[in-house]
Amino acid sequence: MAEKKFASPSGAVTDSAVAADFERAERFDKVLVGEKGVYYRDGFKTKYVPYDLLERAFIRVQEVNGRMCCGKAVFHYFRLVFVVGGKEWGDVISEDEKATDDALAAIAKRSPATAIGFVKA
């Protein structure tokens, strides 16, 4: 069987240690937080953000105002955003606020060098 391939900010990764970390990673809705980095699906690819490249992670709340037959409703989506090289490299959308908060806390625990949340410039 072919080795698992990951898409990272520095290119494709086919390291067996990264694949093993992916298998052991803790799942928070659509995000997996491992010892080496963060993993998530994006289309047909599995994205991998290594902690040594991850500069910042934060949650962006997206509010959607919906019109329905019986009135209006407001929906909230939570995006876990990853900053690499000074730019937003990727994000994962979720409706589960607790899972998103827990994933951010797990990233902060495993990668103390990563800035978490709002950072005043």
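That block above? That's the structure.
Right, let's walk through the structure included here. (Residues numbered from 1 in each chain as written. Predicted model: local features only at pLDDT ≥ 70, side-chain atom pairs only at ≥ 80, totals over all residues. Heavy atoms only, no water.)

## Considerations on the packing of aromatic side chains
Just so we agree on the cut-off: Note on aromatic contacts: the rings of Phe and Tyr and the six-membered ring of Trp form a pair at centre separations within 6.5 Å, being stacked when their planes are under 30 degrees apart, edge-to-face when over 60 apart, and tilted otherwise. Per the convention used, a helix needs a DSSP run of H or I reaching at least four residues, while a strand needs a run of E reaching at least two, with both numbered from the N terminus. The cut-offs for exposure are 20% and 50% of the maximum accessible area for each residue type, with area from a 1.4 Å probe on protein chains only; residues under the lower value are buried, those over the upper are exposed, and the others partly exposed. By definition here, charges over rings are those cases where NZ of Lys or CZ of Arg is within 6 Å of the ring centre and within 35 degrees of the ring normal.
Across all of its chains, the model carries six aromatic pairs by this definition. Relative to Tyr39, the ring of Phe6 lies with its centre 5.6 Å away and its plane at 55°, an arrangement referred to as tilted. One end of the pair, Phe6, is in strand β1 (residues 6–8); the other, Tyr39, is in strand β5 (residues 37–42), with 33 residues separating them in the sequence. Considered together, Phe6 and Tyr39 belong to a single accessibility category, that of buried residues. What links up through ring pairs into an aromatic cluster is the set Phe6, Phe22, Tyr39 and Tyr48. The residue whose ring lies beneath Lys47 is Trp89, and the NZ or CZ to ring-centre distance is 4.5 Å.

## Digging into the pairing of strand β6 (residues 45–50)
Heads up, the condition is: Pairing between two strands is assigned when DSSP locates at least 2 bridges connecting them.
For β6, a buried count of five out of six residues is recorded, marking the element as mostly surrounded by other parts of the structure. The pairing of β5 with β6 spans six bridges and is classified as antiparallel. Of the residues in β6, the one forming a bridge with Tyr39 is Tyr48. What sits between the antiparallel neighbours β5 and β6 is a turn of two residues, in which Gly43 has the positive phi angle 65°.

## Thoughts on a negative patch on the surface
Put simply, the test is: What makes a patch is a set of residues exposed beyond 30% relative accessible area and free of salt bridges, joined within 9 Å when like-charged and within 5 Å when nonpolar (Val, Leu, Ile, Met, Phe, Trp, Tyr). In short, Shrake-Rupley with a 1.4 Å probe defines the accessible areas, and a residue's cover is counted only from the protein chains shown. Definition used for salt bridges: Asp or Glu carboxyl oxygen within 4 Å of a side-chain nitrogen of Lys or Arg. Charged residues are defined narrowly, with Lys and Arg counted positive, Asp and Glu counted negative, and His plus the chain ends left uncounted. By convention, the charge on Lys lies at NZ, on Arg at CZ, on Asp at CG and on Glu at CD.
Taken together, the side chains of Asp29, Glu95, Asp96, Glu97 and Asp101 present a region of like negative charge at the surface. Assignment of secondary structure puts Asp101 in helix α2 (residues 97–110). Relative accessible area serves as the criterion here: at 37%, Asp101 is assigned to the partly exposed category.

## Some points on the nonpolar core
Short version of the rule: Joining through side-chain atoms within 4.5 Å is the link that ties buried Ala, Val, Leu, Ile, Met, Phe, Trp, Tyr and Cys residues into a set, and such a set is a nonpolar core. Contact between two residues is taken to exist if any of their heavy atoms lie within 4.5 Å; hydrogens are not considered.
By size, the foremost hydrophobic cluster in this structure holds 17 residues, and its most contacted members are Val31, Val33, Leu80, Phe82 and Ile107. Elements represented by at least two residues in this core include exactly β4 (31–33), β5, β7 (54–68), β8 (71–84) and α2. Broken down by element, the residue count for this core peaks at four residues, all from α2. For Val31, the contacting residues outside a window of four places in its chain are Glu26, Val38, Tyr39, Leu80, Val92 and Ala103.

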